Amino acid sequence: GTNEFCKQQWTQENNGQLTLGVTLGASSLAGLVAAATTTPLDRIKTYLQTQQLSPACLLTPAGNSPEACPLQAGSSSSTTTAATKPIVADWKQAAMRIYKTEGMVGFFRGMTPRILSHTPAVAISWTTYEAAKRYLTTFAEE
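First things first, this report covers the structure right here in the doc. Source: prediction; values computed, not measured. (Residues numbered from 1 in each chain as written. Predicted model: local features only at pLDDT ≥ 70, side-chain atom pairs only at ≥ 80, totals over all residues. Heavy atoms only, no water.)

Some remarks on the pattern of salt bridges
Next, step 1: Evaluation of the coordinates by the stated rule reveals seven salt bridges.
Next, step 2: With a shortest N-O distance of 2.5 Å, E130 and K7 are connected by a salt bridge. Residue E130 is found in helix α5 (residues 111-141), and its partner K7 is found in helix α1 (residues 2-12); the two are separated by 123 residues along the sequence. The same class applies to E130 and to K7, which are both buried. (Salt bridge = Lys/Arg side-chain N within 4 Å of Asp/Glu carboxyl O. Helix = DSSP H or I, 4+ residues; strand = E, 2+ residues; numbered from the N terminus. Buried < 20%, exposed > 50% of the residue type's maximum accessible area, 1.4 Å probe, protein only.)

Some remarks on the packing of helix α2 (residues 20-50) against helix α4 (residues 91-102)
Next, step 1: The N-to-C vectors of α2 and α4 enclose an angle of 100°; their axes lie 9 Å apart at closest approach. Looking at the two axes, α2 sits roughly perpendicular to α4. On the side of α2, the interface is formed by R43, I44, Y47 and L48, while α4 contributes W91, A94, A95, R97, I98 and E102. (Axes fitted to C-alpha atoms, helices over the stretch in contact; angles between N-to-C directions. Parallel < 35°, antiparallel > 145°, perpendicular 65-115°, else oblique. Contact = heavy atoms within 4.5 Å.)

A short note on the environment of N3
Next, step 1: In this fold, N3 is placed in helix α1.
Next, step 2: Separated by 25 residues in sequence, N3 and S28 place their C-alpha atoms 8.2 Å apart.
Next, step 3: Excluding residues that lie within four positions of it along the chain, N3 makes contacts with A26, S27, A30 and W126.

As for the nonpolar core
Next, step 1: Residues I44, Y47, V88, A94, A95, I98 and F107 constitute the largest nonpolar core, which totals seven residues.
Next, step 2: Those elements that provide at least two residues to this core are α2 and α4.
Next, step 3: Ranked by the residues each element gives to this core, the list is headed by α4, at three residues.
Next, step 4: Ignoring any residue separated from it by four or fewer positions in sequence, one finds I98 in contact with R43, I44, Y47, G103, G106 and F107. (Core = buried A, V, L, I, M, F, W, Y, C linked by side-chain atoms within 4.5 Å.)

So, α4
Next, step 1: A rise of 1.5 Å per residue sets the reference length of α4, with its 12 residues, at 16 Å; its end C-alpha atoms lie 16 Å apart and thus fit the reference within 8%.
Next, step 2: What α4 keeps buried is the set A94, A95 and I98. Buried residues of α4, seen end-on, are gathered within an arc of 100° and therefore sit on one face of the element. The exposed set on the far side of α4, more than 90 degrees from its buried face, consists of K92, K100 and T101.
Next, step 3: On its buried side, α4 packs onto α2. (Expected span 1.5 Å × (residues − 1). Arc of directions from axis to C-beta.)

Notes on the side chain of T23
Next, step 1: For T23, the location among the structural elements is in helix α2.
Next, step 2: A relative accessible area of 2% places T23 in the buried class.
Next, step 3: Excluding its chain neighbours within four sequence positions, the residues that come into contact with T23 are L18, W126, T127, E130 and R134.

Examining the packing of aromatic side chains
Next, step 1: Per the counting criterion, the structure on display carries two aromatic pairs.
Next, step 2: Look at Y135 and F139: their rings are 6.1 Å apart centre to centre, the planes differ by 15°, and that puts the pair in the stacked class. Of this pair, Y135 and F139 both sit in helix α5, four residues apart, which is roughly one turn of the helix.
Next, step 3: With relative accessibility at 54%, the residue F139 sits in the exposed group. (Phe/Tyr/Trp six-rings, centres within 6.5 Å; stacked < 30°, edge-to-face > 60°.)

In structure tokens form, the structure reads like this:
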């Protein structure tokens, strides 16, 4: 969507020539838009994936005592299986937890690093694709 739209608009201004600069600019903008708009979904995914990094019993107020959380006392008994259950089971619960604890801004936490990493990656990928396509098309016509 964004990449094709930008290429179409910018090549009209450049006599229909798809230059390296147009391809790089359009793909960079497309990567930026994609990274920014999918950040809330990525935030929910990351929340679901990282919630078990800390045992659940340590995350509850009662988990401050060794009796309530055997993991805190350094116990390795089999009674700790309940502590490894996910706190949040699905994306809806994760979204509600993020919203309740951080507000709407919580869905966009980490957006800047995401944009900074995805934008050049998408630009390199699409520019390489367009250059290879142009080369192969020229090679096939000869």
